[in-house]
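# Chain and residue survey
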Amino acid sequence: MTVCPPLPGSDRRLRVAVAGKGGAGKSTLAGTLARVLARRGHRVLALDSDTLPGLALSLGATAPAEPPLLAAAEKGEDGRWRLKKGIGPARAVQRYAIDAPDGVRLLQSGKHTDTGLAPVMGAVNVFYKLVARLNEPAGLREWTFVGDLSAGPRQIAYDWAPYAERILLVVEPTWQSMLTARRIVRIAATPRAVAMSLVVNKASGQPDVELVEDFFGMSALAVVPADDALRDAERSGLAPIDMAPHSPAVAAIEQLADALAAGSLQA
Amino acid sequence: MKIVVAGKGGVGKTTVAGTVARALARDGHRVLALDADANPMLGISLGVGPEETDALVAVRQGLEDGNSEHEPTIEGFVERFGTDAPDGVRLVVASRIDQFDPG
């Protein structure tokens, strides 16, 4: 596990990625957490590695039809995608990240089009090249990263969030969700040790929380309740923090931000 | 008939597929339920049981372990790697990501 030494003025920096089964609420959590942290003074870069839509909606950002990162990609003589000369992580964030509310910046992978991924493969490829190098540049040292991984264990298997110092495992109180999350835990332990925290989502009561905590044998860092206001926000395609700022679910994510920022977490 | 269920994560693909498979089997169809998700959970919706589903051997893993390098027929695959689910449904899991694999 790579941990950058703390630097003056960077004590508010966090590096997290959100993982879990499809529909568990990864994007909703990542988008809302990014906005909350930005409101508390973090410089936040949101990283969307899903090739399906999601994080931009939860952030309340408008993503252009064509992925901005396409402009950063070119094919080399060997026929492989590469970053154009002179473009590294810091410059890519400066040029190709999208503005989201509260000052959050959003860097997106290419998204599936009506004809599949082929038209955006350049953006998908250079996104991963950039993500692998996010811990390098001095220009991003003080940024907080909040990553949204695509569903299931696949992206964890390929270690597609190498910037993350902690993975937030979003788990619904269902067996499908719990078994998927357990696979993620097992796989994530293989390439490099990374801290894992459990977030129980869509909990309808204490028995739901206990079901998940007993299954994993650990207590949850946060419990986000099942919340109609959040469902309404998703139905209307608006960011939960804009549409339901005082809802119990958003309040729970604010508490999660406090717990993460307190820095007292055990790895 | 041959049916494929698709959709975004969490919308209920597995629940629909598993229940349709059971309903068709009860109507007298011989049903092969094929779980092609790299995170296979169809067994849960079919009624095989959560931990039992998690422990199923996928075809790809079975082949890599050398259980059947030269299985020549599809029927042989279904027989060798399939699992019985309620109502006579036969479940086959294609593949499962369960270890680190730097792609």
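One structure accompanies this document, and this report is about it. Note that the structure is predicted; figures quoted are calculated from it, not measured. (Residues numbered from 1 in each chain as written. Chains lettered and ligands numbered in written order. Predicted model: local features only at pLDDT ≥ 70, side-chain atom pairs only at ≥ 80, totals over all residues. Heavy atoms only, no water.)

### A look at the overall build of chain B
Across its full length, chain B carries five helices and three strands. Tracing chain B from N to C terminus, the helices and strands come up as α-β-α-α-α-α-β-β. Here the C-alpha radius of gyration of chain B, 14 Å, is about what a compact globule of 103 residues would show, namely 13 Å. With respect to the three principal axes, the spread of C-alpha positions in chain B is 40 × 30 × 25 Å. For chain B, the proportion of its 103 residues judged to be buried stands at 39%. Summarising the internal contacts of chain B: among those between residues at least 6 apart in sequence, 63% fall at separations of at least 24. (Helix = DSSP H or I, 4+ residues; strand = E, 2+ residues; numbered from the N terminus. Rg over C-alpha atoms; globule rule 2.2 N^0.38 Å. Buried < 20%, exposed > 50% of the residue type's maximum accessible area, 1.4 Å probe, protein only. Contact = heavy atoms within 4.5 Å.)

### Thoughts on helix 4 (residues 121–131) of chain A
Among the 11 residues in helix 4 of chain A, eight count as buried, and that is most of the element. All of the buried residues along helix 4 of chain A are A:Gly122, A:Ala123, A:Val124, A:Val126, A:Phe127, A:Tyr128, A:Leu130 and A:Val131.

### Observations regarding the packing of aromatic side chains
What describes a pair of aromatic rings is the distance from one ring centre to the other and the angle between the planes of the rings. Residue and element names in this part refer to chain A. Overall, the coordinates contain five aromatic pairs over all chains when judged by the stated rule. Where Phe 127 meets Tyr 128, the ring centres are 5.4 Å apart and the plane angle is 85°; that geometry is what we call edge-to-face. Comparing Phe 127 with Tyr 128 shows no difference in burial state: the two are buried. Where Phe 215 meets Phe 216, the ring centres are 5.1 Å apart and the plane angle is 80°; that geometry is what we call edge-to-face. Residue Phe 215 shares its accessibility class with Phe 216, and that shared class is buried. One aromatic cluster is present, built from ring pairs that chain together Phe 127, Tyr 128 and Trp 160. Here the guanidinium or amino end of Arg 15 rests over the ring plane of Phe 145, the centre of that ring lying 3.7 Å away. (Phe/Tyr/Trp six-rings, centres within 6.5 Å; stacked < 30°, edge-to-face > 60°. Lys NZ or Arg CZ within 6 Å of the ring centre and 35° of its normal.)

### Things to note about a nonpolar patch on the surface
Residues and elements named next belong to chain B. Together, Met 1, Ile 3, Val 5, Val 16 and Val 20 line one region of the surface with nonpolar side chains, adding up to about 470 Å² of accessible area. Take Met 1: it is sitting in the segment before helix 1 (13–26). A residue is classified by how much of its surface remains accessible, and Met 1, at 70% relative accessible area, is exposed. (Patch = residues over 30% accessible without salt bridge, like charges linked within 9 Å, V, L, I, M, F, W, Y side chains within 5 Å. Areas by Shrake-Rupley, 256 points an atom, 1.4 Å probe, with all protein chains shown as cover. Salt bridge = Lys/Arg side-chain N within 4 Å of Asp/Glu carboxyl O.)

### Brief notes about helix 3 (residues 89–96) of chain A
Residues and elements named next belong to chain A. Within the sequence span of helix 3, burial applies to Pro 89, Ala 92, Val 93 and Tyr 96. Projection of helix 3 onto a plane perpendicular to its axis shows the buried side chains occupying an angular sector of 105°, all on one side. Where helix 3 is buried, its residues contact strand 2 (44–48), strand 5 (98–99), strand 6 (105–108) and helix 4. (Arc of directions from axis to C-beta.)

### Here's the deal with the interface of chain A and chain B
The partner chain B presents 22 residues to the 19 residues of chain A that form the contact. Together, the buried faces of chain A and chain B total about 1,700 Å²; carbon and sulfur atoms form 61% of this surface. Considering only the surface of chain A that becomes buried against chain B, A:Tyr158, A:Gln176 and A:Arg183 emerge as the three largest contributors, covering 34% of it. The interface formed by chain A and chain B includes four salt bridges. Across the pair B:Asp54 and A:Arg186 runs a salt bridge whose closest N-O atoms are separated by 4.0 Å. Here chain A is connected to chain B by seven residue pairs in polar contact (both at pLDDT 80 or more). Of all elements in the fold, only helix 5 (154–157) and helix 6 (175–188) of chain A reach the threshold of two or more residues within the side of chain A that touches chain B. The dominant element in the side of chain A that touches chain B, judged by the number of residues it contributes, is helix 6 of chain A, at eight residues. (Buried area = accessible area lost by both parts, 1.4 Å probe. Polar contact = N/O pair within 3.5 Å; in protein donor to acceptor, adjacent residues only side chain to side chain.)

### Observations concerning the pattern of salt bridges
Where charged atoms from two side chains of opposite charge come close, those side chains can pair. Under the counting rule described, the total for this entry stands at 19 salt bridges over all chains. B:Asp54 is the salt-bridge partner of A:Arg182, the closest N and O atoms lying 2.7 Å from each other. Of the two residues, A:Arg182 sits in helix 6 while B:Asp54 sits in helix 3 (residues 50–54), which places them in two different chains. Both residues of the pair, A:Arg182 and B:Asp54, belong to the buried class. Here B:Asp87 and B:Arg26 are joined by a salt bridge, their closest N and O atoms 2.8 Å apart.

### Some words on unusual backbone geometry
With the exception of glycine, the majority of residues adopt a negative phi angle, and the majority of peptide bonds are in the trans configuration. All names here are of chain A. Within the chain, Asp 102 stands out as a residue other than glycine whose phi angle is a positive 65°. Along the chain, Asp 102 falls in the loop between strand 5 and strand 6. Residue classification places Asp 102 among the partly exposed residues on the basis of a relative accessible area of 35%. Even without a glycine there, the phi angle at Lys 202 is positive, about 60°. Locating Lys 202 in the fold gives a position in strand 9 (residues 195–203).

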